[in-house]
Amino acid sequence: EIFSMVEAREFLTHLKKLPINKRIALEIMLLCGLRRAELCGLRWSDIDFENKLLYVRRNRMYSPTCGIYEKGPKTYTSKRTVPIIDSLAKDLTEYMDWFREADVVFDRKLNEYYVAANDKREPIHPGTLRDWLAKIESRHGMKHVTCHGLRHTYCSLLLSQGVPIQTVSK
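Residues numbered from 1 in each chain as written. Predicted model: local features only at pLDDT ≥ 70, side-chain atom pairs only at ≥ 80, totals over all residues. Heavy atoms only, no water.

1. Focus: the sheet that holds strand β5 (residues 80-83)
Stated formally: At least two DSSP bridges between two strands are needed for those strands to be called paired. Under the scheme used here, helices are H or I runs from DSSP no shorter than 4 residues and strands are E runs no shorter than 2 residues, and both carry numbers assigned from the N terminus.
Strand order in the open sheet formed by three strands is β1-β2-β5, and the pairing between neighbours is antiparallel. The sheet is open, and its two edges are formed by β1 (47-48) and β5, each paired on a single side. Relative to β5, strand β2 (residues 53-56) is paired through four bridges, and the arrangement is antiparallel. Residue pairing across strands places Tyr 55 opposite Thr 81, the latter belonging to β5.

Structure, rendered in structure tokens:
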């Protein structure tokens, strides 16, 4: 199940009502097509604000036997550079300021902080994204789309805008 263009816009409108940390995490999944583990592994040092790019370099995952652990991307081609649209870049800048409020030397520790964070600015459990998504869908009577469905929505929206399939697949 994926969102249509209209449903994706509605979803983004509802996200604006969430606390910034939840809003940004779900925006990135929809507007950049990241997998849940890729988002959880994303650090502030992986965002290039000047060129509006996001670098997917690692996964942060959960296993019942190992707990939370970090590893490289799923496949060789999963290590990639993703463009950031202007509205997301603006929201990320606001979110970065939210991090700075709690740590005055935040800018010197960009490689230490994960983007997907809880209210205390600590890295979230990868399953948390699924819960945040389900709650916003339920609260607003939207159809259920999984975290992976947001990734597929991103691809479908790119294709509907005439982006070549070869570019989307990369």
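Here the narrative resumes, following the displayed structure.
2. Section: the nonpolar core
Where we set the bar: Buried residues of nine kinds, namely Ala, Val, Leu, Ile, Met, Phe, Trp, Tyr and Cys, make up a nonpolar core once their side-chain atoms join them within 4.5 Å. Burial here depends on accessible area, computed with a 1.4 Å probe over protein chains only, as a share of the maximum for the residue type. Under 20% is buried, over 50% is exposed, and the range in between is partly exposed. It only takes one pair of heavy atoms within 4.5 Å for two residues to be counted as in contact.
Membership of the largest hydrophobic core comes to 47 residues, with the highest contact counts inside it found for Phe 11, Ile 28, Trp 44 and Tyr 95. Of all the secondary structure elements, the ones that give two or more residues to this core are α1 (5-15), α2 (20-32), α3 (36-41), β2, α4 (86-102), α5 (127-139) and α6 (147-160). Here this core gets nine residues from one element, more than from any other, and that element is α2. Once residues lying within four places of it in the same chain are set aside, the contact partners of Trp 44 are Phe 49, Leu 92, Tyr 95, Met 96, Phe 99, Phe 106, Leu 110, Tyr 113, Tyr 114 and Val 115.

3. Quick look at the environment of Pro 64
In this fold, Pro 64 is placed in the loop between β3 (59-63) and β4 (67-71). With 102 residues separating them along the chain, Pro 64 and Gln 166 place their C-alpha atoms 37 Å apart.

4. Notes on the pattern of salt bridges
Rule in force here: The salt bridge criterion pairs a side-chain nitrogen of Lys or Arg with a carboxyl oxygen of Asp or Glu, the two atoms within 4 Å.
Within the structure shown, the criterion is met by 17 salt bridges. Residue Lys 143 is joined to Glu 1 by a salt bridge in which the shortest nitrogen-to-oxygen separation is 3.2 Å. Within this pair, whereas Lys 143 is found in the loop between α5 and α6, its partner Glu 1 is found in the segment before α1, the two being separated by 142 residues in sequence. On the accessibility criterion, Glu 1 (66% relative accessible area) is exposed. The salt bridge involving Glu 38 is made with Arg 35; its shortest N-O contact spans 2.7 Å.

5. Quick word on the pairing of β4
A regular strand places its side chains on the two faces of the sheet in alternate fashion. Alignment of β3 against β4, held across five bridges, turns out to be antiparallel. Bridge assignment links Asn 59 to a residue of β4, and that residue is Lys 71. Connecting β3 to the next strand, β4, in antiparallel fashion are three residues.

6. A look at α6
Here is the rule: Here the expected span of a helix is defined as 1.5 Å times the quantity of residues minus one.
With 14 residues, α6 should reach 20 Å at 1.5 Å per residue; the first-to-last C-alpha distance of 20 Å fits that figure. Burial in α6 covers these residues: Cys 147, Gly 149, Leu 150, Arg 151, Thr 153, Tyr 154 and Leu 157. Buried residues along α6 sit in contact with α1, α2, α3, β5 and α5.

7. Observations concerning unusual backbone geometry
The phi angle at Lys 52 is positive, at roughly 55°, despite the residue not being glycine. Mapped onto the elements of the fold, Lys 52 is located in the loop between β1 and β2. The exposure class of Lys 52 is partly exposed, given its relative accessible area of 32%. Residue Arg 121 is not a glycine yet carries a positive backbone phi of 70°. Along the chain, Arg 121 turns up in the loop between α4 and α5. By relative accessible area, which is 16% here, Arg 121 ends up buried.

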